[in-house]
Amino acid sequence: MRRIAVEQDIMAKNGRAADLNRERFARERTFVVNLMSSPGSGKTTLLVRTLQELKTRGDRLAVIEGDQQTTLDADRIRATGVPAVQVNTGKGCHLDAEMIMRALAKQPAPAGGTLFIENVGNLVCPAGFDLGEAKKVVIASVTEGEDKPLKYPHMFSVADVLLLSKIDLLPHLRVDLPLMMENARQINPRLKIFPVSAYTGAGMSAWYDWLRTELADVVGASPRGAVAAEAQVG
Ligand SMILES: Nc1nc2c(ncn2[C@@H]2O[C@H](COP(=O)(O)OP(=O)(O)O)[C@@H](O)[C@H]2O)c(=O)[nH]1
Ligand SMILES: [Mg+2]
């Protein structure tokens, strides 16, 4: 009983902080994407390539990087010229909404632009924590095998998008990509699935198009909002 009470308290507290983040993102017309995956599935590589592409469109961008230790990923992001703040969770296995709030005090969300959050690498804990984001994106590399959506259903059921990464490696693997997609759809029929390679760029344009459409929805959600965001973009 005591354990259940403590867990409920933690989740309620996180939910309140996530709501505050969401209100702030809505006010500033920031489109926020929470990227989640197991370690090494290619989040940072994909993010770097995505930022380079979005920069050529003149988008306003920022990144919050979550890892247990080091500033390695934030350094990789900053090398693109996009601002990044690193959050180290120590023994923690996920980011929570208050960590995002504290990160925003150091680095404001881009008004009228996109904030990417790279979560701590694992397919379990990050799925349970609302950060106030607009969309949850799970990345699974084809090297992880077609059974992962079935083994970690919670992550795949909360996600809006699945990026199946590293498809350039398919000729070297014995993985059934259509089955991996079918397994993901079995868990979550509304998942949008994009097979991609951050190395070759294959499939990436569909991902960029999705980001563009979602950003337009957030920025143009109401005429007043769009004008306010324009003014802040200056
Ligand atoms: N073949 C291939 N390797 C990739 C691709 N994207 C990332 N990698 C490699 O996968 C490893 C982990 O990538 P990283 O971006 O650090 O993953 P993260 O831990 O999810 O952020 C690195 O050695 C990358 O070079 C890809 O599209 N194709
Ligand atoms: Mg990373």
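Above this note sits the structure.
Because the structure is predicted, anything quoted here is derived from the model rather than measured.

J.: Looking at this model, I keep getting lost on the packing of helix α1 (residues 2–28) against helix α4 (residues 97–106). Mind explaining?
T.: The axes of two packed helices give the description: the angle between them and the distance between them. In the contact formed by α1 and α4, the axes pass within 8 Å of each other and the chain directions differ by 40°. In terms of orientation, α1 lies oblique with respect to α4. Regarding α1 and α4, the two cross each other, and that crossing is left-handed. Contacts between α1 and α4 involve K13, N14, A17, A18, L20, N21, R24 and F25 from the former and A97, E98, I100, M101 and L104 from the latter. Of the residues belonging to the contact of α1 with α4, the class tally is eight nonpolar, two polar and three charged.

J.: What exactly am I supposed to notice about the coordination of the magnesium ion (ligand 2) here?
T.: Looking at the metal site, the magnesium ion (ligand 2) is ligated by T44 (OG1), D73 (OD) and E118 (OE), spaced 2.1 Å from it. Look at where the donors of the magnesium ion (ligand 2) fall in the sequence and you get T-x28-D-x44-E. A residue pair is termed long-range when its members are at least 10 positions apart, and T44 in helix α2 (residues 43–56) and D73 in helix α3 (residues 72–78) qualify at 29 residues. The same class applies to T44 and to D73, which are both buried.

J.: What is the right way to look at a nonpolar patch on the surface in this model?
T.: A surface patch of nonpolar side chains, about 250 Å² in accessible area, is lined by V6, I10 and M11. Position of V6 relative to the elements: it lies in helix α1.

J.: Would you mind showing me how to read the pattern of salt bridges here?
T.: A side chain of one charge can pair with a side chain of the opposite charge if their charged atoms are brought near each other. Tallying each qualifying case throughout the model produces 13 salt bridges. A salt bridge links R22 to D130; the shortest N-O distance between them is 2.8 Å. In this pair, R22 is assigned in helix α1 and D130 in the loop between β4 (114–118) and β5 (135–141), connecting sequence segments 108 residues apart. On the basis of relative accessible area, R22 is assigned to the partly exposed category, the value being 33%. With a relative accessible area of 25%, D130 lands in the partly exposed category. Residue D160 pairs with R190 through a salt bridge whose shortest N-O separation is 3.1 Å.

J.: Sorry, what's going on with the state of the cysteines here?
T.: Should the sulfur atoms of two cysteines be covalently bonded, the bond is a disulfide. Within this structure, the stated rule accounts for one disulfide. Linked covalently through their sulfurs, C93 and C125 form a disulfide whose S-S length is 2.3 Å. In this structure the cystine formed by C93 and C125 twists about its S-S bond by roughly -115°; its chirality is therefore left-handed. Remark: C125 occurs in the loop between β4 and β5 and C93 occurs in the loop between β3 (84–88) and α4; sequence separation between them is 32 residues.

What counts, and at which threshold
- Residues numbered from 1 in each chain as written.
- Chains lettered and ligands numbered in written order.
- Predicted model: local features only at pLDDT ≥ 70, side-chain atom pairs only at ≥ 80, totals over all residues.
- Heavy atoms only, no water.
- Axes fitted to C-alpha atoms, helices over the stretch in contact; angles between N-to-C directions.
- Helix = DSSP H or I, 4+ residues; strand = E, 2+ residues; numbered from the N terminus.
- Parallel < 35°, antiparallel > 145°, perpendicular 65-115°, else oblique.
- Left-handed = near helix turned anticlockwise from the far one by under 90°.
- Contact = heavy atoms within 4.5 Å.
- Nonpolar A, V, L, I, M, F, W, Y, C, P; charged D, E, K, R; others polar.
- Donors = N, O, S within 2.8 Å, 3.2 Å for Na, K, Ca; no water.
- Buried < 20%, exposed > 50% of the residue type's maximum accessible area, 1.4 Å probe, protein only.
- Patch = residues over 30% accessible without salt bridge, like charges linked within 9 Å, V, L, I, M, F, W, Y side chains within 5 Å.
- Areas by Shrake-Rupley, 256 points an atom, 1.4 Å probe, with all protein chains shown as cover.
- Salt bridge = Lys/Arg side-chain N within 4 Å of Asp/Glu carboxyl O.
- Disulfide = S-S within 2.5 Å.

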